[in-house]
Amino acid sequence: AADVPKLKLKWAYGFPDTFSVFGQPSVVGGRLFLGSSSGQVYSLDARTGCAYWNFKAAATVRTAVTIAPLSGGRLAAYFGDTRASVYALDAQTGELLWKTKVEEHKMARVTGAPKLVENRLYVPVASGVEEMAAAQPSYACCTFRGSLVALDAQTGKQIWKTYTIPDAPAETGRNAAGTRQFGPAGASI
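None of these values were measured; they are calculated from a predicted model. (Residues numbered from 1 in each chain as written. Predicted model: local features only at pLDDT ≥ 70, side-chain atom pairs only at ≥ 80, totals over all residues. Heavy atoms only, no water.)

Caption draft 1: Representation of the pattern of salt bridges. By the definition in use, this model includes four salt bridges. Ionic pairing is found between R180 and E171, a salt bridge with its closest N-O pair at 2.9 Å. Looking at E171, the relative accessible area reads 40%, which means it is partly exposed. (Salt bridge = Lys/Arg side-chain N within 4 Å of Asp/Glu carboxyl O. Buried < 20%, exposed > 50% of the residue type's maximum accessible area, 1.4 Å probe, protein only.)

Caption draft 2: Molecular detail of the pairing of strand β8 (residues 96-101). Note: strand β7 (residues 85-90) against β8, five bridges, orientation antiparallel. Looking at the pairing, Y87 lines up with K99 of β8. Linking two consecutive strands that pair antiparallel, namely β7 and β8, is a turn of five residues; a positive phi of about 85 degrees is found at G94 within it. (Pairing = 2+ DSSP bridges. Helix = DSSP H or I, 4+ residues; strand = E, 2+ residues; numbered from the N terminus.)

Caption draft 3: Seen up close, the sheet that holds strand β5 (residues 66-69). Taken in spatial order, the four strands make up an open sheet running β5-β6-β7-β8, and their pairing is antiparallel. Strands at the two margins of the open sheet, each flanked by one partner only, are β5 and β8. Here the average twist between neighbouring strands, direction ignored, is 20 degrees. Both strand β6 (residues 75-80) and β7 contribute to a ladder of five bridges, which runs antiparallel. The residue of β7 that forms the bridge with A76 is D90. (Axes fitted to C-alpha atoms, helices over the stretch in contact; angles between N-to-C directions.)

Caption draft 4: Highlighting the state of the cysteines. Throughout the structure, instances matching the rule amount to one disulfide. A disulfide bridge connects C141 with C142, and the sulfur atoms are separated by 1.4 Å. (Disulfide = S-S within 2.5 Å.)

Caption draft 5: Representation of the pairing of strand β11 (residues 147-152) in the model. Across six bridges, strand β10 (residues 120-125) lies against β11 in antiparallel orientation. Paired with L121 across the bridge in β11 is L151. Examined bridge by bridge, β11 and strand β12 (residues 158-163) share five bridges and lie antiparallel to one another. Looking at β12, one finds that S147 is bridged to Y163. Taking the residues between adjacent antiparallel strands as the criterion, β11 and β12 are bridged by five residues, where G156 takes a positive phi near 85 degrees.

Caption draft 6: Summary view of the sheet that holds β10. Here we have four strands laid out as an open sheet, ordered β9-β10-β11-β12, and antiparallel in their pairing. Strands at the two margins of the open sheet, each flanked by one partner only, are β9 (115-117) and β12. Here the strands of the sheet are splayed against their neighbours by 20 degrees on average, with no regard to which way each runs. In terms of strand pairing, β9 meets β10 through three bridges, oriented antiparallel. Along β10, the bridge assignment pairs L116 with L121.

Caption draft 7: Region of the structure containing the side chain of H105. Along the chain, H105 falls in the loop between β8 and β9. The class of H105 is buried, set by a relative accessible area of 16%. Within polar-contact distance, the side chain of H105 engages the backbone nitrogen of F144 at 3.5 Å. Setting aside its immediate chain neighbours within four residues, H105 contacts E130, Y139, T143 and F144. (Polar contact = N/O pair within 3.5 Å; in protein donor to acceptor, adjacent residues only side chain to side chain. Contact = heavy atoms within 4.5 Å.)

Caption draft 8: Spotlight on the packing of aromatic side chains. With the rule as written, the count across this model stands at ten aromatic pairs. Measuring from ring centre to ring centre gives 6.3 Å for F19 and F22, while their planes differ by 85 degrees; the resulting arrangement is edge-to-face. The exposure class of F22 is partly exposed, given its relative accessible area of 35%. On the numbers, 6.0 Å between centres and 45 degrees between planes, the contact of Y78 with W98 is tilted. Remark: W98 occurs in strand β8 and Y78 occurs in strand β6; sequence separation between them is 20 residues. Of the two residues, Y78 and W98, both sit in the buried class. Here a set of aromatic residues connected by ring pairs shows up, and it is made of Y13, F15 and Y42. Positioned above the aromatic ring of Y52 is the side chain of R31, whose terminal nitrogen or guanidinium carbon lies 3.7 Å from the ring centre. (Phe/Tyr/Trp six-rings, centres within 6.5 Å; stacked < 30°, edge-to-face > 60°. Lys NZ or Arg CZ within 6 Å of the ring centre and 35° of its normal.)

What follows is the structure in C-alpha cells.
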C-alpha cells in the first residue's frame, strides 16, 4: 500500500469503437491478450502497449483469452463470443485457425474462458439475455439450457456436448398474455 502513491503510468491503450473490455487480460510471453465489446481481440506488447495484431470476431468478446500450445510448437489464443462461437487464433500472428458455433439457440453466448486439457477445449455456454427477454409478455420463455462443450483443440470439431438440464424444454402452458411458456430451462455455465 505504501508504494501506490509512487506508481506512474507506464503506457495507455485506447480501444477504438469500444465501450468496454470485459474479460481479464491474459499475459503470456510478454504479451497481453484481451477482447472487447466491439468484437476486436488484441495482442499487445506488455512492456510498451504497442499492438502486435487485432482480430475482429463476429460479436462482443466477454471471455478472457486462453493461450495454450498447439501442434508444431505454436501457441493458440482461444476465446468465445456473444453469438456462441468459439475461435482459435495463432497467438503469434492473429490468423484465424478455426471458428466453431457451439450452440444454435439465439440467446446463447460464451462468457467464460475456454479451458484446455489434453488437446480438448472445454467451453461453458451461457445465456444471460433470455432472462431479460422473459420480462416481455410476448416472449415464449424459456427454452435455453446451459451446456458444456468439448472441442478438439486443433480442429474445433465438437467431441461432445452435455446440457446442464438433461430434458429439452417442453410447453408448460401459457402466460396471461396467451404466449406459450416452456420449461425446464436455464442453468447457464
